[in-house]
Amino acid sequence: MTEASSSIAIYVVATPIGNLDDISQRAMRILKNVDLIAAEDTRRARQLLQQIGREKVELISYYDHVEQEKTPQILDRLQRDNLSLALVSDAGTPCISDPGYRLIREAKKRGIPVHPIPGPSALTALVSASGLPSDRLLFVGFLPNKKAALMREVASWRGMRASIVFYEAPRRLDQVFKVIEELYPNAELVVGRELTKLHEEILSTDIQGARSWCHDHEFLKGEATVMVSLGKDAETPEVQAAEAASEISGEAIQLFKAGATLKDLLQKFRDRGLSRSDLYQLLLEAKEASDDT
């Protein structure tokens, strides 16, 4: 079977994250020949298609908030009409902190062939140019917004023995770096912005330098990719305390769901190494989380 023929199939197509020259010949061939294209942003997809010379193709809007609803509709249509489809995100490789995994999972359940068309990714682009240890990587996507959840996430990195990679909005970077500094004061970081574009910036620094960089770049737009090497800081007492808080929080959420009261849990966890005020705040957030789930 020729790729992107009329036979039913889904192609997960990586598209440029900035420099249009990064699109592969194979990706262009797929995009020029599939019956349908599901795109996170149809406007961005249309611009790319114009660049490669395909303007007449049906585009389906497929983003986070419609993914669950549209997945069965798309797959029903592919099966009914024996169609091929390309899945693209705004930029980079679909399903890497972008919509698509529900579509791929359900397609596999139905026996629909799924083919990866590899190419650009901010994750691999930064790692390849980082100069940090890359034999073990933990990719955590976008970090939590709430401080307690952010603390728990960052503390959980201690036992991974890996370099950490995440995506973040520039306006939130200083908040994230402040937490990293508290737990891993000797961490090394590489921050990538505008990767592959004209004004590409890759900063290699320590955590203090990263915070200074944030203060000098308060109003940046877009998205940053960050890689962190924890080094010897992975065993600090602060990290161990944060890890204990993470364990308490997870246990408390389940106990609240089972009917425990705040008073019950203040008593239960009083000897786990947290001050009463810190424990009280942690349990309030755990109770809120238990009510939300």
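One structure accompanies this document, and this report is about it.

Thresholds applied
Residues numbered from 1 in each chain as written. Predicted model: local features only at pLDDT ≥ 70, side-chain atom pairs only at ≥ 80, totals over all residues. Heavy atoms only, no water. Helix = DSSP H or I, 4+ residues; strand = E, 2+ residues; numbered from the N terminus. Buried < 20%, exposed > 50% of the residue type's maximum accessible area, 1.4 Å probe, protein only. Contact = heavy atoms within 4.5 Å. Areas by Shrake-Rupley, 256 points an atom, 1.4 Å probe, with all protein chains shown as cover. Arc of directions from axis to C-beta. Axes fitted to C-alpha atoms, helices over the stretch in contact; angles between N-to-C directions. Parallel < 35°, antiparallel > 145°, perpendicular 65-115°, else oblique. Left-handed = near helix turned anticlockwise from the far one by under 90°. Nonpolar A, V, L, I, M, F, W, Y, C, P; charged D, E, K, R; others polar. Pairing = 2+ DSSP bridges. Polar contact = N/O pair within 3.5 Å; in protein donor to acceptor, adjacent residues only side chain to side chain. Phe/Tyr/Trp six-rings, centres within 6.5 Å; stacked < 30°, edge-to-face > 60°.

**Quick notes on the overall build of the protein chain**
Next up, step 1: A tally of regular secondary structure across the protein chain gives 11 helices and 10 strands.
Next up, step 2: Along the first, second and third principal axes, the C-alpha atoms of the protein chain reach 65 × 45 × 35 Å.
Next up, step 3: Here the protein chain holds 293 residues, and 44% of them are scored as buried.
Next up, step 4: Put simply, 70% of the contacts in the protein chain that link residues at least 6 apart link residues at least 24 apart.
Next up, step 5: Only carbon and sulfur atoms are counted for the fraction: they give 47% of the accessible area of the protein chain, which is about 15200 Å².

**Digging into helix α1 (residues 25-33)**
Next up, step 1: Those residues of α1 lying buried are Ala 27, Met 28, Ile 30 and Leu 31. Angularly, the buried residues of α1 cover 160° about the axis, an arc narrow enough to put them on a single face.

**Observations concerning the packing of helix α7 (residues 173-183) against helix α8 (residues 207-216)**
Next up, step 1: Two numbers describe how α7 lies on α8: the axes approach to 9 Å, and their chain directions differ by 160°. Considering their axes alone, α7 and α8 lie roughly antiparallel with respect to each other. Like other packed secondary-structure pairs, α7 and α8 cross with a definite hand, here left-handed. For the pair α7 and α8, the contacting residues are Leu 173, Asp 174, Phe 177, Lys 178, Ile 180 and Glu 181 in the first and Ile 207, Gln 208, Ala 210, Arg 211, Trp 213, Cys 214 and His 215 in the second.
Next up, step 2: The residue inventory of the contact of α7 with α8, partitioned by class, reads 7 nonpolar, 2 polar and 4 charged.

**Quick notes on the pairing of strand β8 (residues 188-193)**
Next up, step 1: Most of β8 is tucked away, with 5 of its 6 residues classed as buried.
Next up, step 2: Alignment of β8 against strand β9 (residues 201-206), held across 6 bridges, turns out to be antiparallel. Bridge pairing in β9 links Glu 188 to Asp 206.
Next up, step 3: Relative to strand β10 (residues 224-229), β8 runs antiparallel, the two sharing 5 bridges. Note on β10: the bridge partner recorded for Glu 188 is Ser 229.

**A look at the packing of α1 against helix α2 (residues 42-52)**
Next up, step 1: Two elements in contact, α1 and α2, have axes separated by 11 Å at closest approach and are oriented at 105°. If you check the angle between α1 and α2, you find them roughly perpendicular. Here Met 28, Leu 31 and Lys 32 of α1 lie close against α2, whose contacting residues are Leu 48, Leu 49 and Ile 52.
Next up, step 2: For the contact of α1 with α2, a count of residues per class yields 5 nonpolar, no polar and 1 charged.

**As for the side chain of Glu 168**
Next up, step 1: Tracing the backbone through its elements, the reader meets Glu 168 in strand β7 (residues 163-168).
Next up, step 2: Within polar-contact distance, the side chain of Glu 168 engages the side chain of Arg 172 at 2.7 Å.
Next up, step 3: Residue contacts for Glu 168: discarding those within four places in its chain leaves Phe 142, Leu 143, Leu 173, Val 176, Glu 223 and Ala 224.

**Here's the deal with helix α4 (residues 101-109)**
Next up, step 1: Listing the buried residues of α4 in full gives Leu 103, Ile 104 and Ala 107. End-on view of α4: buried residues confined to an arc of 95°, all on one side of the axis.
Next up, step 2: Those residues of α4 that are buried lie in contact with β1 (9-13), α3 (67-81), β4 (84-88) and β5 (114-117).
Next up, step 3: The first or second residue beyond α4 is Gly 111, which carries a positive phi of 80°.

**Here we look at the packing of aromatic side chains**
Next up, step 1: Inspection of the entire model under this criterion finds 3 aromatic pairs.
Next up, step 2: Here Phe 142 and Tyr 167 contribute two aromatic rings whose centre-to-centre distance is 5.7 Å and whose plane-to-plane angle is 65°, an arrangement assigned as edge-to-face. Of this pair, Phe 142 sits in strand β6 (residues 137-142) while Tyr 167 is found in strand β7, placing the two residues 25 residues apart along the sequence.
Next up, step 3: For Tyr 167, a relative accessible area of 5% translates into the label buried.
Next up, step 4: An aromatic cluster of three or more residues is present, and its members are Phe 139, Phe 142 and Tyr 167.

**Quick word on the sheet that holds strand β3 (residues 58-61)**
Next up, step 1: Read from one edge to the other, the open sheet built from 5 strands follows the order β3-β2-β4-β1-β5, with strand pairing classed as parallel. Strand pairing shows two members of the sheet lacking a second neighbour, β3 and β5, which therefore form its edges. Ignoring which end each strand starts from, the neighbouring axes of this sheet average 25° apart.
Next up, step 2: As paired elements, β1 and β4 share 4 bridges and run parallel to each other. In the strand pairing of β4, Tyr 11 is matched with Ala 86.
Next up, step 3: Here α2 sits on the sheet in contact with β2 (36-39), β3 and β4, set at roughly 150° to β3.
Next up, step 4: Across the face of the sheet, α3 comes into contact with β1, β2, β3 and β4 while running at roughly 155° to β3.

On their own, these measurements won't tell you what the molecule is for.
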